[in-house]
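# Report on the structure
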Amino acid sequence: MKLCVIASFAVVLWGCQREIHISSPVKTLNPGYNRMSSRALVREVASPTRANLDYAVYSADVMLWNAPGDTVRLPHGVTREDLRFGDFLGEIHPDVGDIPVTEVERASPLHWKPVLEYLLEQAFDEARSLAEGYGKVTAERFGFSGDVPAPLIEFADLYLATKDSSVWIKIECKPWMLPMPEGLHDGDGDGVPEGFARLDASKFTPKLFSLLRGEYASKVLTEAEVIDWGHQLAAYWYPSRNTDFQDLRGLGSWPGEAVEAEVKREFPGRNFPQPVFALRGKPHGQPVYFVLAVPGMGVKSPPTPQGGKEGNQSNGPVSVSDNIGEYLASIRDREKSLLTKQGKGSWDRWRGKLAPYHREVSALLATQPASVMALPGRKAFLLFRRELEYLLADDLQKLPPEKNPLAAIASLRDSLAALGIDFLFVPIPTKLDVYPGLVSASGVKLPGGTTQPFFRKVLLDLAGKQVETVDLLTPFQEAAHGGDDSVYQRQDTHWTAHGLETVAKTLAERVMGYAWFGEAYPEEIHYSVRDTVFSQLGDLYDRLPSDARSGIRPEVLSARRVLLPDGQLYQDRPDAPVLVLGDSYTGVFELTGCRNAGVTAHLAKGLAGPVDLIMGWGGGPEAPNKLRRAGPEALKGKRLVIWMMSVRDLFVYPGGWGGR
């Protein structure tokens, strides 16, 4: 199969007899790349504008490839007129050379998918008709009555013709759709038939055209902004692609020793110098990489955060707290009391009382194919499929060892205890643990307000393994019922500022109870906060069926950014005595969206001293894996490690718990 590479073009200006080579700002570096089967996509972006970065990661990326198990055989042929979707598109052209855009415009396409979402966030009312029209495109099945969750037709490249402000679209037909529609053929040899057509001018207003020609395509991002963009992408793709962010700056080349052998075999003996970052995902079970290089970036290692007082770097002997038994006893007493009250001593009996509600959960899941990861809930909330599945999960102790996380959690606790470092495990409740009524009205009357009794059993079982936990479900339920502010976002899997500040307050109270706290934090730092507002579509929007996205506006969110005494924004510090290991919940509001307003920033504010963060977007065991790869230096001077992660991933993590 021909390499799917964005070509370079040459224009001969006969008036002055000079040949000008117009190079694409985005290049695919790994030879033999196949968008359907490769294990890595390595791209170089010459000018890191948001438009070029979005194109690099969305165009023909194997991370995004979905294919059904069987060929989709349509009951009749698809004509050129069918492909116009009413008047949404104009005449279909078979080749990009047939459309009236200049060579320069042809060499620098945008990508439809991130463009549409950018426009919806920037100008929802003007872009809404585009989303509605495209929803009809991706929902079209051309008479096929079988179950095909993925679209048969999608838009890919987008070309802006400055001469007449027209917008041209590359239409791609999935190769497993037969017969092939009229007017589409595989002109670039990548295995995916395509055609080109003009978008309805009445739907692409001058304001939208101007937005794309403005900062989106012209502002060149700094290295720090490119890193921020990568974190945002990892967070956005995680629910369906299980992605994690890997900062590669200062490492020299990729792939390194940590990259799987089967991935390296795709380019034997070849290294790609000075990449900026990689996204590692498991969209279909096996690891897949997107690697980004930008000339002039990635040379130096990430800067060490500065500001605030020095953390505790003592190398003297330390030991774990001697009163852990008291906390473990209180956990056991609390959970056994709940079990007696709700299940008369039986977890299965407690679960049985929830059977009517769980049937409603199952019925909601059955409304969409298993590949659809987001479903609409009540009160305009979007729900994550895995969080619904988590509600139906059984006792973790019944899982095989490679799927059971409890041993891995206890093992980390033992390793840290051998170094004299205390440990807290903090499972984060899901949106449905706190708001069961988002599935059905009956959810507000559940026994004990609990949707998943085995969540509570996890806390009891870990106490039996000498692992102290922090119960967030109770303060979350109190916060949720104590006012109008939700602790979870409507269109995202993650918490709001209200939710994360509730967590930070709860954790700070426990951390300050350690006997070593005064020694580790001998001086107070007087942090302040600055209110801010931002908007986003959320990570569940794109997981909805395409025809269910119409009309969903960006969600407006508030946050409080944490400031140092000199007014600079707070940053986590690697020399801090408390280390947080976290999944994407510790990244939102801190590394994406509104920065410096996340749970670690507010935990630092509550402690009046800095904390450290090692975060893995991929969830599950990824954060502890990152800690191990960081080596002993990452634990120097640490008195406490707090591992917080979504309780969902304890029960329905798509990977295993025995390694990468």
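Everything here concerns the structure above.
Residues numbered from 1 in each chain as written. Predicted model: local features only at pLDDT ≥ 70, side-chain atom pairs only at ≥ 80, totals over all residues. Heavy atoms only, no water.

### Remarks on the packing of aromatic side chains
Scanning all chains against the criterion turns up 25 aromatic pairs. Ring geometry for tyrosine 159 versus phenylalanine 196: centroids 6.4 Å apart, planes at 55°, classification tilted. Of the two residues, tyrosine 159 sits in strand 7 (residues 153-161) while phenylalanine 196 sits in strand 10 (residues 194-198), which places them 37 residues apart along the sequence. With relative accessibility at 5%, the residue tyrosine 159 sits in the buried group. Here the aromatic rings of phenylalanine 476 and tyrosine 488 are separated by 5.8 Å at their centres, their planes lie at 75°, and the arrangement is edge-to-face. A residue pair is termed long-range when its members are at least 10 positions apart, and phenylalanine 476 in helix 16 (residues 473-480) and tyrosine 488 in the loop between helix 16 and helix 17 (497-511) qualify at 12 residues. We note that phenylalanine 476, like tyrosine 488, is buried. An aromatic cluster of at least three residues, connected via ring pairs, comprises Phe88, Trp112, Tyr134 and Phe155. When the ring centre of tyrosine 327 is taken as origin, the NZ or CZ atom of arginine 510, which lies over that ring, is 3.6 Å away. (Phe/Tyr/Trp six-rings, centres within 6.5 Å; stacked < 30°, edge-to-face > 60°. Helix = DSSP H or I, 4+ residues; strand = E, 2+ residues; numbered from the N terminus. Buried < 20%, exposed > 50% of the residue type's maximum accessible area, 1.4 Å probe, protein only. Lys NZ or Arg CZ within 6 Å of the ring centre and 35° of its normal.)

### Description of the packing of helix 17 against helix 20 (residues 599-607)
Remark: helix 17 packs on helix 20, axes separated minimally by 8 Å, with the N-to-C direction vectors making an angle of 40°. As judged from the angle between their axes, helix 17 and helix 20 are oblique. Where helix 17 crosses over helix 20, the handedness of that crossing is right-handed. For the pair helix 17 and helix 20, the contacting residues are Leu500, Glu501, Val503, Ala504, Leu507, Ala508 and Val511 in the first and Val599, His602, Leu603, Gly606 and Leu607 in the second. (Axes fitted to C-alpha atoms, helices over the stretch in contact; angles between N-to-C directions. Parallel < 35°, antiparallel > 145°, perpendicular 65-115°, else oblique. Left-handed = near helix turned anticlockwise from the far one by under 90°. Contact = heavy atoms within 4.5 Å.)

### A short note on the packing of helix 3 (residues 112-122) against helix 5 (residues 206-213)
Running from amino to carboxyl end, helix 3 crosses helix 5 at an angle of 115°, the nearest separation of the two axes being 11 Å. With respect to each other, helix 3 and helix 5 are oriented roughly perpendicular. Classified by chirality, the crossing of helix 5 by helix 3 is right-handed. Here Val115, Tyr118, Leu119 and Gln122 of helix 3 come into contact with helix 5, specifically with Leu208, Leu211 and Leu212. Its residues assigned to classes, the contact of helix 3 with helix 5 comprises six nonpolar, one polar and no charged. (Nonpolar A, V, L, I, M, F, W, Y, C, P; charged D, E, K, R; others polar.)

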